[in-house]
Every structure is written in C-alpha cells, then in structure tokens.
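Examination of the molecular architecture
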Amino acid sequence: MADTQENGSGSDSKSARTRRRILDSAAQVLSNKGYAGLRLSDVADLAEVQAPAIYYYFSSREDLIEEVMWSGVAELRKLLEEALDTNVQVDLSASKIRFTLGGENGVVLTSKLIDGTFPDYSRVIPTGNDKLLRLDPKSFWQGVDRVATIATEKTRAVKMALENDRVTLSVTSPDNGTAAEEVPASYAAQGFEIGFNANYLKDILGQIDGDTVELHLADAGAPTLIRQDDKSPALYVLMPMRV
C-alpha cells in the first residue's frame, strides 16, 4: 500500500521501484507472520534483493515496519477523505481489521493488527521539556521540504540549529552536497542542535491548522513534544535522530 513517486533519472526510478518492492514485501511478511515474526531475510527473499540492501533504504528493521504501518494509515485516511459522504463499515477480529467504504461495490481495506499489548503511550509523553520553540507551521514545513530534497533515501535526516529567534535547517549528503535555510522563529532558550526525520516532521506539521506550532524540547537526545498550543487536544511526540 505504500505510495512512491518515481520522478527524475532512470537510476532514481529504479531505486524508487526497489524501495516500493521492499515495502510491499515487508507488508506481506508482516501480514503473514506478525511483528515478532518479521525477518529481514524473508523480506529480502520476497523482494528479490540482498538483505543488506534493505539498510540502504531503511535505517533499521523497526524503521521499515513503522513505514509499512504508516502507509496503511495514510491509505485509510485517503479513502476516508474520498468517502466523506458515505458510511464506513468497520469489522474487527482478533487479528485483523477491515474497513468497507461505499457499500457492497465499494472499496475494502484489510489490515493485520499489531501483535502484543498496546503500550502505555502516556509514559512516553515528555513533561519536563523546558525549551520552547514557536514557528509558523507552513513556513517551517516548506523549509524542511526544500532542504530535505537532497537528503539520503535511507535516513531523510534534517538538522535544526536553534538560536535566539532563529532556526537554521540543514542537510548534508555525501552524494548531493549541502542545503541550508533559515526560518524565523520565537526562541529564547539556550542554543543547540537537534536532528529529525524530515518526513515524520512534515507529517506532523501537516496536521497543524493554526498559524503557530510549538515544539517543546529538552536536548538533542530527548523526545520532543509538538502541539499547536496549550489548548490543543492533539499532542505529537517525535524522537530525534543523530545527525
């Protein structure tokens, strides 16, 4: 279900097709064997690639699984947006969930449920982050998107250098060079640098409807709390990356 755009040179298209094939293979293995049973060797065999090649596109087994799961959520959201004026039937079993949109002749999306007990999410929400960064979410999203165009397919990492009322976004790629851009911000705490996965950061910023987004930070190794404001019911926790 993962969507991949294939633009640019022939080598880029081949790389995109390989990445898509790995994602589709991982989804199939995950559906058959579950989270605990997913082995990269099985994914590689199904995708017809060498197992080490998977690490060119994904930093870890968990990163691959997370993208597979996220692609399913993204596909469901797309279908729901297209079917706002119709009823959605939800069928649930011990191992799978099925969404039927548009009646008998509509679209059916089936997904395997994650094995195990859902974690206590409240324990991972940081409460002591004392550095507050405020930005315009649209400008921030656009800045991240521009510098991330040269990021490697494997990590999609973007570095943020925080200074007084200013954030400098940068990406360094051994193959594509360096990109940097300054974004206006409200920030008065001690300056430091932190890195994030550009795609995850953009996904969160895309959910912010207001004119301001708040990032509550602690340090370069601690999770960051993101929200629209102190009255927002939606909280997002994003783990940093080493850059």
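See the structure printed just above.
The following paragraphs examine the structure supplied in this document.

Definitions and cut-offs
- Residues numbered from 1 in each chain as written.
- Predicted model: local features only at pLDDT ≥ 70, side-chain atom pairs only at ≥ 80, totals over all residues.
- Heavy atoms only, no water.
- Patch = residues over 30% accessible without salt bridge, like charges linked within 9 Å, V, L, I, M, F, W, Y side chains within 5 Å.
- Areas by Shrake-Rupley, 256 points an atom, 1.4 Å probe, with all protein chains shown as cover.
- Salt bridge = Lys/Arg side-chain N within 4 Å of Asp/Glu carboxyl O.
- Helix = DSSP H or I, 4+ residues; strand = E, 2+ residues; numbered from the N terminus.
- Buried < 20%, exposed > 50% of the residue type's maximum accessible area, 1.4 Å probe, protein only.
- Pairing = 2+ DSSP bridges.
- Contact = heavy atoms within 4.5 Å.
- Axes fitted to C-alpha atoms, helices over the stretch in contact; angles between N-to-C directions.
- Phe/Tyr/Trp six-rings, centres within 6.5 Å; stacked < 30°, edge-to-face > 60°.
- Lys NZ or Arg CZ within 6 Å of the ring centre and 35° of its normal.

Attention now goes to a nonpolar patch on the surface. Judged by side-chain polarity, L80, V88 and V90 come together as a nonpolar surface patch covering roughly 210 Å² of accessible area. Examined against the element boundaries, V90 turns out to sit in strand β1 (residues 88-92). Taking relative accessible area as the criterion, V90 reaches 47% and is therefore assigned partly exposed.

In this section: the pattern of salt bridges. Considering all chains together, one arrives at 15 salt bridges under this definition. Among the salt bridges present, the one from E181 reaches R146, with a minimum N-O distance of 2.6 Å. With E181 in strand β7 (residues 177-184) and R146 in helix α5 (residues 137-147), this residue pair connects regions lying 35 residues apart in the sequence. R227 is paired through a salt bridge with E214; the nearest N and O atoms lie 3.1 Å apart. Of this pair, R227 sits in strand β11 (residues 224-227) while E214 sits in strand β10 (residues 213-217), and the two are 13 residues apart along the sequence. On the accessibility criterion, R227 (19% relative accessible area) is buried. Under the relative-accessibility criterion, E214 is labelled buried at 7%. Residues participating in the shared-partner salt-bridge network are R134, E214 and R227.

All right, on to the sheet that holds β11 then. Ordered in space as β8-β4-β10-β11-β12, the five strands form an open sheet in which the pairing is antiparallel. Here the strands that pair on one side only, and so sit at the sheet edges, are β8 (186-187) and β12 (236-238). Packing against the sheet, helix α6 (residues 198-205) makes contact with β10, β11 and β12, and its axis sits at approximately 170° to β12.

As enumerated under the stated definition, the model contains one aromatic pair in all. Taking NZ or CZ as reference, K131 lies 5.7 Å from the ring centre of F192, over its face.

Next up on the list: the pairing of strand β2 (residues 96-101). Side chains on a regular strand alternate between the two faces of the sheet. Where β1 and β2 come together, five bridges link them in antiparallel fashion. When the bridges of β2 are listed, L92 appears paired with I97. Adjacent in sequence and paired antiparallel, β1 and β2 are bridged by three residues. Pairing between β2 and strand β3 (residues 107-112): six bridges, direction antiparallel. Among the inter-strand pairings, L101 is bridged to a residue of β3, identified as V107. Linking two consecutive strands that pair antiparallel, namely β2 and β3, is a turn of five residues; a positive phi of about 90° is found at G102 within it.

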